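# Inside the fold
This is what each chain is made of:
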Amino acid sequence: MAKGQGKAIRIWYQSYVDPVEQAGYIDHLGGYLASIADPGVTYDVYGISPPDRELHRLTEFRCSVQAVRNVLEAERQGYDAFIQGHYQDPGLYELRSAVKIPVLSLGESSMLFGCTLGRKIGLITIDPYFIPMHEEQVSRYGLRERVVAIKAIKTSVADFNAAFSDPQKRKDIERQFLEEARPLIEQGVEVIIPAGGLPTLLFAQERSFTLDKATVLNGIAVVVKMTEMAVKLLRLTGTGASRASTFALPSTKAIEEFLKS
């Protein structure tokens, strides 16, 4: 047996919601992750306080800095991998270059996997404010010819928290989602991705979810299985992130200065 094969796996799942204010979502997410995890794999869900509730680049940046602190802590505590559970992927490259353990993200993983399911991909985000950020993501990942459209519903974290227990709230969000999905389907989109952890988890119990034959992707399941694979591949072959340039590891002094800032 290859080194590390069969050993238990611990994964840190970083959400950008408040662990107290959105405890219902955190608990729901933790339960879902436990239900889909491979045998021997455990997930610990962590939030951020204050959460990412102000729609602004400054808030995204603030939360990403905290996430980098957390990935360093995750590695120190012996976690085997780290998941960035915020679809916009703020600070993803900094996260990945900060530690030796695998770092995967909801946004990047779901879009890359979506490319294996269809030629044309569309995103439906939770607020119009995020559309430019997703456009930048698509460009960063070299997917402008594949992710051909980005639409948005208009919701809030509070709306989603209510929707997990309130059937009417869930129907309201589903209605908005379907309204935005129709024009995507009309322009030939084959894979529709809910661009956010909240809508993804809300629709997670839908099996073989399709709209007029277009696949609606469960990005949480995707990033979970890709992360488990990344850990197993690292143990099996030693293959991890390239440290040649983009994800070169920092010096000890660079880490110390970051943590002191």
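Up top is the structure these notes are about.
Note that this is a predicted model, so its numbers are computed, not measured. Going along each chain's sequence as written, the residues are numbered from 1 onward. In keeping with the model being predicted, local features are shown solely for residues with a pLDDT of at least 70 and side-chain atom pairs are shown and tallied solely at 80 or more, while totals for entire chains, interfaces and linings include all residues. The side-chain numbers reported here are obtained from all heavy atoms of the structure, hydrogens and water having been left aside.

## Some words on the overall build of the chain
Summing up its helical and strand segments, the chain has ten helices and nine strands in all. Values of the radius of gyration come from C-alpha atoms, whereas the globule rule sets the reference at 2.2 Å times the count of residues to the power 0.38. At 18 Å, the chain has a C-alpha radius of gyration in line with the 18 Å of a compact globule built from 261 residues. When its C-alpha atoms are laid out on the principal axes, the chain stretches across 50 × 40 × 35 Å. Burial status follows relative accessibility: with a 1.4 Å probe on protein chains alone, a residue under 20% of its type maximum counts as buried, one over 50% as exposed, and anything between as partly exposed. Taking all 261 residues of the chain together, the buried fraction comes to 49%. A separation of at least 24 residues holds for 74% of the contacts in the chain among residues at least 6 apart in sequence. Each charge sign in the chain was given a centre, from 30 positive and 31 negative side chains, and these centres are 5 Å apart. Each helix corresponds to a stretch of at least 4 residues labelled H or I by DSSP, and each strand to a stretch of at least 2 residues labelled E; elements are numbered beginning at the N terminus. Whether two residues are in contact is decided by their heavy atoms: any pair within 4.5 Å suffices. When charges are tallied, Lys and Arg are placed among the positive residues and Asp and Glu among the negative ones, while His and the ends of the chain are skipped. Charged side chains are reduced to one point each, which is NZ for Lys, CZ for Arg, CG for Asp and CD for Glu.

## Observations regarding the nonpolar core
Put simply, a nonpolar core is a bunch of buried Ala, Val, Leu, Ile, Met, Phe, Trp, Tyr and Cys residues held in one set by side-chain atoms that sit within 4.5 Å of each other. Of all hydrophobic cores here, the largest spans 81 residues; its most connected members are Met111, Leu123, Ile192 and Ile220. Those residues in contact with methionine 111 that sit more than four places away from it in its chain are Tyr87, Ile121, Leu123, Gln137, Val138, Tyr141, Leu143, Val147 and Ile193.

## Quick notes on the pairing of strand S2 (residues 41-46)
Only one face of S2 is covered, namely the one carrying Val41, Tyr43 and Val45; the face carrying Thr42, Asp44 and Tyr46 has none of its residues buried. By this definition, two strands are paired if DSSP reports at least two bridges between them. As judged from the six bridges shared by strand S1 (residues 9-14) and S2, these two strands associate in the parallel manner. Paired with tryptophan 12 across the bridge in S2 is aspartate 44. At this point the chain moves from S1, through helix H1 (residues 23-36), to the parallel S2, and the crossover so formed is right-handed. For crossovers, right-handed means that the path from the first strand over the helix to the second runs clockwise, given strands pointing away from the viewer.

## Section: helix H5 (residues 131-140)
Of the positions making up H5, those classed as buried are Ile131, Met133, His134, Gln137 and Val138. In an axial view of H5, the angular spread of the buried residues amounts to 155°, which keeps them on one side of the axis. Of the residues one or two after H5, glycine 142 is the one with positive phi, at around 70°. Each C-beta atom gives one direction from the helix axis, and the arc is the one those directions make.

## Points about the pairing of strand S7 (residues 191-195)
Across the five residues of S7, five count as buried, placing the element largely inside the fold. Burial along S7 is two-sided: the face carrying Val191, Ile193 and Ala195 and the face carrying Ile192 and Pro194 are both buried. Sheet topology places strand S5 (residues 121-125) next to S7; five bridges connect them, and they run parallel. Residue pairing in the sheet places leucine 123 in a bridge with isoleucine 193 of S7. In this sheet, strand S9 (residues 214-216) lies alongside S7 in parallel orientation, the contact comprising two bridges.

## Structural notes on the side chain of arginine 96
Residue position: arginine 96 is located in helix H3 (residues 92-98). Given the relative accessible area of 10%, arginine 96 is considered buried. Whenever two N or O atoms come within 3.5 Å, that pair is a polar contact, provided that in protein one can donate a hydrogen and the other can accept it, and provided that, for residues adjacent in sequence, both atoms are side-chain atoms. Within the structure, the side chain of arginine 96 is placed 2.9 Å from the backbone oxygen of valine 103, a separation counted as a polar contact.

## Focus: helix H4 (residues 106-114)
With respect to burial, H4 is a largely interior element, seven of its nine residues being buried. Looking at H4, one finds that the buried residues are Leu106, Gly107, Glu108, Ser109, Ser110, Met111 and Gly114.

## Re the layout of surface pockets
Put plainly, a pocket is an open set of points on a 1 Å grid over the protein atoms alone with protein on both sides within 12 Å along at least five of seven lines, a cavity is a set where a 1.4 Å probe fits but cannot get out, and a lining residue has an atom within 4 Å of a point. Grid points are joined across faces, edges and corners, and a volume is the space filled by probe spheres set on the points. Roughly 510 Å³ of internal volume is contained in the largest pocket. In terms of lining residues, the largest pocket is bounded by 25 residues, among which Ser64, Pro90, Gly91, Leu92 and Glu94 are the most central. Contributing elements (two or more residues each) for the lining of the largest pocket: helix H2 (57-76), H3, H5 and helix H10 (252-260). Here the element with the most residues in the lining of the largest pocket is H2; it accounts for seven residues.

Honestly, it's all geometry; don't read function into it.
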